[in-house]
Amino acid sequence: MPTTIRALRRTAAAAAAVLTLLAAACGGADQPSGPTGVGKQPVRGGTLNLAFFPDNAAFACIDPFQTYWIEHRTLIRNFTDSLTDQNPDTGEIVPWLATRWQISPDGLDYTFTLRDGVTFSDGAPLDAPAVKANFDSFLQESRASGGTAYGASYIQGLQSTEVVDAKTVRFHFDQPNSSFLQATSTTNLALLSPASLRRTPQQRCLGGISGTGPFTLDNYTPGQGVTLSRRAGYHWPSPLTKNTGEAYLDKIQVSYIAEDSVRTGDLVSGQIDIAWPRNPFTVEDRDLIARSGAYLRSRSLPGVSYALFPNVSNGHPLADAQVRQALYHAIDVKTLGTTVFGPDYPAVAGAFDKTTPYFATQAAKLNYDPAQAGRILDAAGWRLAPGDQYRSKDGKRLSLTLAVDPTAIGSELLQDQLRKVGIEVQLKVITAAERSAVTANGQYDLLGNYFTRADPGALQFILVEALANSKALARNSQQPETAARIADLFASAVRTTDPVQRRDIYGQLQSALIDEGVAFPLFERVQYAGIRNRLNGFRFTSESFLDLRDVWINP
């Protein structure tokens, strides 16, 4: 996660300086904010300049199945397509490269009929053998990586892929997986040409791959940039896009800019067309963007909210269920969000962000009530002695170690909130390289995590030990009986294809996560985009990624 409060203040100061310069240059006059092509017919042509947060130095990869980096996944959406698409407003799965599908009554077989006339950018046809080649590659990479390849979580239980005929492909599972249909709409199961799949996973990470999308991937240089170009002849878009033919843009030029203030300054000065930050814009940056005539769009990222997961191992304070329940009333999630990101920032309302299908609010259980927190702690034997700042029990201080990365947000504010009810929080700054060892050794009491996917099944890859990328985090976060119940709820949800039953099960799950003190939501994760006013047709996908198929430049 992103920057500390101190870093945010430095960014705000830098943005204010840019605002002063802009006002001087423009005579202090505000510009109309918003797209300038409203009501006009789209036109083709032009290069879109897009600035991202810095590239992933730990894992430079633009291969759909392997990458987890949101910025890469948003680019993948524009150079290759998926079997299905997902409506961001309703969560409904709609046909795309597949025109229809059937699910067997036992939930073990998914049969897809493919669209006619689709080709990859290297000229290969999209047919059943090509789809099989992709999913065979997915299985091979999942096994070779020991299940750590990011896309492995999307094909749990997949046993084989069968070519029924040239336009029909069948997937067979050894156990029901009702999340698979949604998985076929994601960028991680987007399709590449058979020739691309003959490259090694390491080679695919660095590019040289062909998809079926409206743009082609020309170049990816880790840490420097990405170039996409319009593909001639594209005519098989998702029904969720308005443009039924070739993309309007000629080219997309992507750069990586570390400083939020620099990225914002480049947007308001017209050097870039879209500023895509990892963190929400500061209030000052949003004001600056609006004054310049550019405009903002935002949408919560679906999946697991930014939450802290406890270490409930023996000997740790959070092994006490009452201490965990007290935390919910001691943490003021609304103030956390508005202090760090501005007065209009939404308060998190559960272990999932609100854009996640089957989201069920737990806001009442996250009610800030420090007096109630104090009563719970008193009842648990954690008391404040006269003159003491922190509670203690049997001569031991109530102290929690919060492991954070160097750019974690809101840590000091959370520390202050818990201090008010007599809980000490010690911040343990760890690097990405240290995280695995710290988790495995249990050298923490609280540790943050999240997962972006428009399906609540995403959380099982944090909490269900058999599936989790970090077995230690899953194991440490729950008592055995709680872990068994959580795993059973997930299993029940993925075994049924009845949406009413799934909603009920996921509702029980979301309630249990708070009742059992398994997840402590801190922030709704919101993706912002700052957009130059000459750009029209901006659209978020169901994963809150950027879809450039409808985007055009007003000359």
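Residues numbered from 1 in each chain as written. Predicted model: local features only at pLDDT ≥ 70, side-chain atom pairs only at ≥ 80, totals over all residues. Heavy atoms only, no water.

Colleague: Tell me about the packing of aromatic side chains, and please be specific about residues and values.
Modeller: Counted according to the given criterion, the structure contains 27 aromatic pairs. Between Tyr234 and Trp236, the aromatic rings sit 5.0 Å apart at their centres with planes inclined by 55°, giving tilted as the arrangement. On the accessibility criterion, Tyr234 (2% relative accessible area) is buried. On the basis of relative accessible area, Trp236 is assigned to the buried category, the value being 2%. Taken together, the ring pairs connect Phe65, Trp101, Tyr110, Phe112, Phe135, Phe138, Phe171, Phe173 and Phe180 into an aromatic cluster. Its end group placed over the ring of Trp69, Arg278 keeps NZ or CZ at 4.2 Å from the ring centre. (Phe/Tyr/Trp six-rings, centres within 6.5 Å; stacked < 30°, edge-to-face > 60°. Buried < 20%, exposed > 50% of the residue type's maximum accessible area, 1.4 Å probe, protein only. Lys NZ or Arg CZ within 6 Å of the ring centre and 35° of its normal.)

Colleague: Describe the sheet that holds strand β19 (residues 520–523), listing the residues and the values that go with them.
Modeller: The mixed open sheet is built from five strands, whose spatial order is β17-β16-β18-β13-β19. Each edge of the open sheet carries a strand with a single partner, namely β17 (424–429) and β19. Geometrically, the sheet is characterised by an average inter-axis angle of 35° between neighbouring strands, direction not taken into account. The sheet contact formed by strand β16 (residues 399–404) and strand β18 (residues 446–452) spans two bridges and is parallel. (Pairing = 2+ DSSP bridges. Helix = DSSP H or I, 4+ residues; strand = E, 2+ residues; numbered from the N terminus. Axes fitted to C-alpha atoms, helices over the stretch in contact; angles between N-to-C directions.)

Colleague: Would you mind going over the environment of Thr356 in detail, with residue names and values included?
Modeller: Tracing the chain through its elements places Thr356 in the loop between α10 (333–341) and α11 (370–379). For Thr356, a relative accessible area of 3% corresponds to the buried category. Separated by 96 residues in the primary sequence, Thr356 and Thr452 have C-alpha atoms spaced 9.4 Å apart. Apart from the residues within four sequence positions on either side, Thr356 is in contact with Pro302, Gly303, Asp455 and Pro456. (Contact = heavy atoms within 4.5 Å.)

Colleague: Pulling in residues and values, what's your account of the packing of α10 against helix α12 (residues 411–419)?
Modeller: Orientation of α10 relative to α12, taken along the N-to-C sense of each, is 145°, at an axis distance of 10 Å. For the element pair α10 and α12, the recorded crossing hand is right-handed. Here Thr335, Leu336 and Thr339 of α10 lie close against α12, whose contacting residues are Leu413, Leu414 and Gln417. (Left-handed = near helix turned anticlockwise from the far one by under 90°.)

Colleague: How would you summarise the side chain of Asp55 if you had to cite specific residues and measurements?
Modeller: With respect to the element layout, Asp55 can be found in the loop between β1 (47–52) and α2 (70–79). Although Asp55 is buried, it forms no salt bridge, and the closest oppositely charged side chain is Arg278 at an N-O distance of 8.1 Å. Only 2.9 Å separates the side chain of Asp55 from the side chain of His72, close enough to count as a polar contact. A polar atom in the side chain of Asp55 sits 2.8 Å from the side chain of Tyr220. When neighbours within four sequence positions are excluded, Asp55 is seen to be in contact with Trp69, His72, Tyr220, Pro222, Gly223 and Tyr256. (Lys, Arg positive; Asp, Glu negative; His and termini not counted. Salt bridge = Lys/Arg side-chain N within 4 Å of Asp/Glu carboxyl O. Polar contact = N/O pair within 3.5 Å; in protein donor to acceptor, adjacent residues only side chain to side chain.)

Colleague: Tell me about the pattern of salt bridges, and please be specific about residues and values.
Modeller: Following the criterion strictly, the structure yields 25 salt bridges and no others. Between Lys251 and Asp218 there is a salt bridge, with the nearest N and O atoms lying 3.6 Å from each other. On the criterion of sequence distance, the pair formed by Lys251 in strand β10 (residues 251–256) and Asp218 in strand β8 (residues 215–221) is long-range, its members being 33 residues apart. With a closest N to O distance of 2.7 Å, Arg539 and Asp547 form a salt bridge. Of the two residues examined, Arg539 and Asp547, each falls in the buried class. Where salt bridges share partners, they join Asp81, Arg539, Asp547 and Arg549 into one cluster.

Colleague: Outline the nonpolar core, listing residues and values.
Modeller: Phe135 and Phe171 are the most contacted members of the largest nonpolar core, which totals 64 residues. Setting aside residues no more than four positions away along its own chain, Phe171 makes contact with Leu83, Leu108, Asp109, Tyr110, Phe112, Val131, Phe135, Leu158, Ser160, Thr161 and Phe180. Counting 50 residues, the second-largest nonpolar core is a separate cluster that includes Ile257, Ala326, Leu400 and Val421. (Core = buried A, V, L, I, M, F, W, Y, C linked by side-chain atoms within 4.5 Å.)

Colleague: Lay out the state of the cysteines with the relevant residues and their values.
Modeller: Enumeration according to the criterion identifies one disulfide in this entry. Between the sulfur atoms of Cys61 and its disulfide partner Cys205 the distance amounts to 2.1 Å. Residues Cys61 and Cys205 are joined by a disulfide whose S-S torsion is about -75°; by sign, that bridge is left-handed. A residue pair is termed long-range when its members are at least 10 positions apart, and Cys61 in the loop between β1 and α2 and Cys205 in helix α6 (residues 201–205) qualify at 144 residues. On the accessibility criterion, Cys205 (4% relative accessible area) is buried. (Disulfide = S-S within 2.5 Å.)

Colleague: Account for the environment of Thr67, with residues named and values stated.
Modeller: Structurally, Thr67 is set in the loop between β1 and α2. Through-space distance from the C-alpha of Thr67 to that of Asn188 is 7.5 Å; in sequence the pair is 121 residues apart. If we skip the residues at most four places from it in the chain, Thr67 touches Phe59, Cys61, His72, Arg73, Ile76, Tyr150 and Asn188.

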